[in-house]
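Chains, contacts and geometry: an overview
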Amino acid sequence: MRSTRWLAALLLAPAVACAPAAAALAAPAGPASTAKSCTTSAPSGVCGPYAYGQISNSNGYNTYVSQDCWADPSCHQTLTSRNPGSWSVTSSEPANNTGVRTYPNVQQLFSDWCGSGWNTCSAAADTPISALWRLRSRFAENMHTTHGTIAEAGYDIWLSGTSGSREIMIWVDIARRGAGGAAVIGHAAINGQRFTVLQYGGAGGEIIFSLNHNEHTGTAHILAALRWLQGHKYVPAHARVNQVDFGWEICSTGGHRQPFSISAYTLRAKCSPHVCG
């Protein structure tokens, strides 16, 4: 995946694999947006920023919904968003294409850590994994899958403070996606759910937790996945969370216009008592 991210007015551009996937986000300026509907067909179109109560550290400047047509400059895709828990895209990508073309997603930055919580200082940093007691998300999505759909719904977690893997994905709903050359590096049981763990690009490359069954509605235990990686030495103890995204990596819609929709989304982060008291 290849992605362009906004970090509180700082543009990042990490490089990652294609099939696994990608992301690109152009940041709008200005204060927090209201609940007004937003529609964009621009390749780098963004709705927000939002102040969204279902995301713990959303502050009106660090929560977005993005088109992210990173590998499709023509971007045959339209995003409509009311808020991060109610948005959709209509996309058209060529039949039988297997590389990721777009990653429309809701993005939450975690670069507002102040040492004992979020959003309380001017010199903020990315959130240490070691400071977290909970990082969990609930979702309800529908890919409206057809026989031509090649895509998956998944989380895209970006880390900092590590020389190892910086991009971690959690795939929860898969339609005809292959591994794209990723190697199986393990199997994980997280809160009763079983995942195949893949790595793309060799040591230090993107890591994917691929759920062994599809879910349109469910819960992702993100912190538990990160701690699994730390326990298996793929992510160091001092690593930090830079952002958490959720959306669809779209490869093909069979050459026809296809809707993808989110009807509910929460992202709950809680600081560990030994850090925040």
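Residue numbers restart at each chain and count upward from 1, following the sequence in its written direction. Confidence filtering applies because this is a predicted model: local features only for residues at pLDDT of at least 70, side-chain atom pairs given and counted only at 80 or more, and all residues used for totals across whole chains, interfaces and linings. As a rule here, side-chain values cover all heavy atoms of the structure and leave hydrogens and water aside.

Looking at the pairing of strand β13 (residues 167-175)
Each residue's exposure class comes from its accessible area (1.4 Å probe, protein chains only) as a fraction of the maximum for that residue type: buried when under 20%, exposed when over 50%, partly exposed otherwise. The helix count covers DSSP runs of H or I at least four residues long, the strand count covers runs of E at least two residues long, and both are numbered beginning at the N terminus. Counting buried positions along β13 gives eight out of nine residues, so the element sits mostly inside the fold. Strand pairing requires that DSSP identify at least two bridges connecting the strands. Sheet topology note: the strand β12 (residues 149-160)/β13 ladder contains eight bridges and is antiparallel. Paired with Tyr-155 across the bridge in β13 is Ile-170. Linking two consecutive strands that pair antiparallel, namely β12 and β13, is a turn of six residues; a positive phi of about 70 degrees is found at Gly-161 within it. Where β13 and strand β16 (residues 206-211) come together, four bridges link them in parallel fashion. Within the sheet, the bridge partner assigned to Ile-168 lies in β16 and is Ile-207.

As for the side chain of Ser-210
Structurally, the position occupied by Ser-210 is in strand β16. Exposure remark for Ser-210: the relative accessible area of 12% places this residue in the buried category.

Side note on the pattern of salt bridges
A pairing counts as a salt bridge when a side-chain nitrogen of Lys or Arg comes within 4 Å of a carboxyl oxygen of Asp or Glu. This model, assessed by the stated rule, comprises four salt bridges. Measuring nitrogen to oxygen at the nearest pair gives 3.3 Å for the salt bridge that ties Arg-101 to Asp-72. Highlighted residues: Arg-101 in the loop between β8 (86-91) and β9 (105-109) and Asp-72 in the loop between β6 (63-66) and β7 (77-83), separated in sequence by 29 residues. Assessed through its relative accessible area of 22%, Arg-101 is described here as partly exposed. Residue Asp-72 is classed as buried on the basis of its relative accessible area, which comes to 1%.

Overview of helix α1 (residues 222-231)
Here α1 lies mainly inside the structure; seven of its ten residues are buried. For α1, the full list of buried residues reads Ile-222, Leu-223, Ala-225, Leu-226, Trp-228, Leu-229 and Gln-230.

A look at unusual backbone geometry
In this model, Gly-48 is joined to Pro-49 through a cis peptide bond whose omega is 10 degrees. Relative to the helices and strands, Pro-49 is located in the loop between β5 (46-47) and β6. Although it is not a glycine, Asn-96 adopts a positive phi angle of roughly 70 degrees. With a relative accessible area of 59%, Asn-96 lands in the exposed category. The residue Asn-119 is not glycine, and still its phi comes out positive at about 65 degrees. You can see Asn-119 is positioned in the loop between β9 and β10 (127-128). Given the relative accessible area of 34%, Asn-119 is considered partly exposed.

Description of the confidence of the model for the protein
Here the protein averages 89 in pLDDT, while 87% of its residues score no lower than 70. How sure the predictor is of each residue is captured by pLDDT, a score from 0 to 100. Any two residues having at least one pair of non-hydrogen atoms within 4.5 Å are treated as being in contact. Of the regions scoring below 50 in pLDDT, residues 1-34 engages in 122 contacts with residues more than four places distant in sequence or in other chains.

Some remarks on the state of the cysteines
The definition used for a disulfide is geometric: two cysteine sulfur atoms within 2.5 Å. Applying the stated criterion across every chain, the model contains four disulfides. Residue Cys-69 pairs covalently with Cys-75 via a disulfide, S to S 2.0 Å. Residue pairing for Cys-114: its cysteine sulfur links by disulfide to Cys-121, the two sulfurs lying 2.1 Å apart. Between Cys-114 and Cys-121 the disulfide shows an S-S torsion of about -90 degrees. By sign, it is left-handed.

A few points about the nonpolar core
One finds Leu-135, Tyr-155, Phe-209, Ile-222, Val-241, Val-244 and Tyr-265 to be the most contacted residues of the largest nonpolar core, which totals 55 residues. We call a set of buried residues a nonpolar core when its members are Ala, Val, Leu, Ile, Met, Phe, Trp, Tyr or Cys and they connect through side-chain atoms within 4.5 Å of each other. One finds Met-169, Trp-171, Ala-182 and Leu-198 within the second-largest nonpolar core, a separate group that totals five residues.

Side note on empty space enclosed by the protein
We place a 1 Å grid over just the protein atoms. Points where a 1.4 Å probe fits but has no way out form a cavity, open points with protein on both sides within 12 Å along at least 5 of 7 lines form a pocket, and any residue with an atom within 4 Å of a point lines it. Grid points are joined across faces, edges and corners, and a volume is the space filled by probe spheres set on the points. The tally for this structure, following the rule as stated, stands at one cavity of 30 Å³ or more. Looking at the largest cavity, the residues that line it are Ile-170, Val-172, Ile-190, Gln-193, Phe-195, Thr-219, Ala-220, His-221 and Ala-225. The set of elements that each furnish at least two residues to the lining of the largest cavity consists of β13, β15 (193-200) and β17 (217-221). Its residues placed into classes, the lining of the largest cavity shows six nonpolar, three polar and no charged. Put simply, Ala, Val, Leu, Ile, Met, Phe, Trp, Tyr, Cys and Pro go in the nonpolar bin, Asp, Glu, Lys and Arg in the charged bin, and everything else, Gly too, in the polar bin.

Here's the deal with the packing of aromatic side chains
The rule is short: rings of Phe, Tyr and Trp, with Trp giving its six-membered ring, pair when the centres are within 6.5 Å, and they are stacked under 30 degrees, edge-to-face over 60, tilted in between. Taken as a whole and assessed by the stated rule, the structure comprises ten aromatic pairs. Ring centres 6.2 Å apart and planes at 75 degrees place the aromatic pair Phe-139 and Tyr-155 in the edge-to-face group. On the criterion of sequence distance, the pair formed by Phe-139 in strand β11 (residues 132-142) and Tyr-155 in strand β12 is long-range, its members being 16 residues apart. Taken as a pair, Phe-139 and Tyr-155 share a single burial class, namely buried. Among the aromatic residues, ring-to-ring pairing joins Phe-139, Tyr-155, Phe-246 and Tyr-265 into one connected group.

Here we look at the sheet that holds β17
Taking strand neighbours across the sheet as the criterion, the six strands line up as β4-β7-β8-β19-β11-β17 in an open arrangement whose pairing is antiparallel. Among the strands making up the open sheet, the edge pair consists of β4 (38-40) and β17. Each strand of the sheet is rotated relative to its neighbour by a mean of 20 degrees, with strand direction disregarded. Relative to β7, β4 is paired through three bridges, and the arrangement is antiparallel. Bridge pairing links Thr-39 to Thr-80 in β7. Angles run from 0 to 180 degrees between N-to-C directions of axes, and those axes are lines fitted to C-alpha atoms, restricted for helices to the stretch in contact. Helix-sheet contacts for α1 involve β11, β17 and β19 (258-271), and the interaxial angle to β11 is about 120 degrees.

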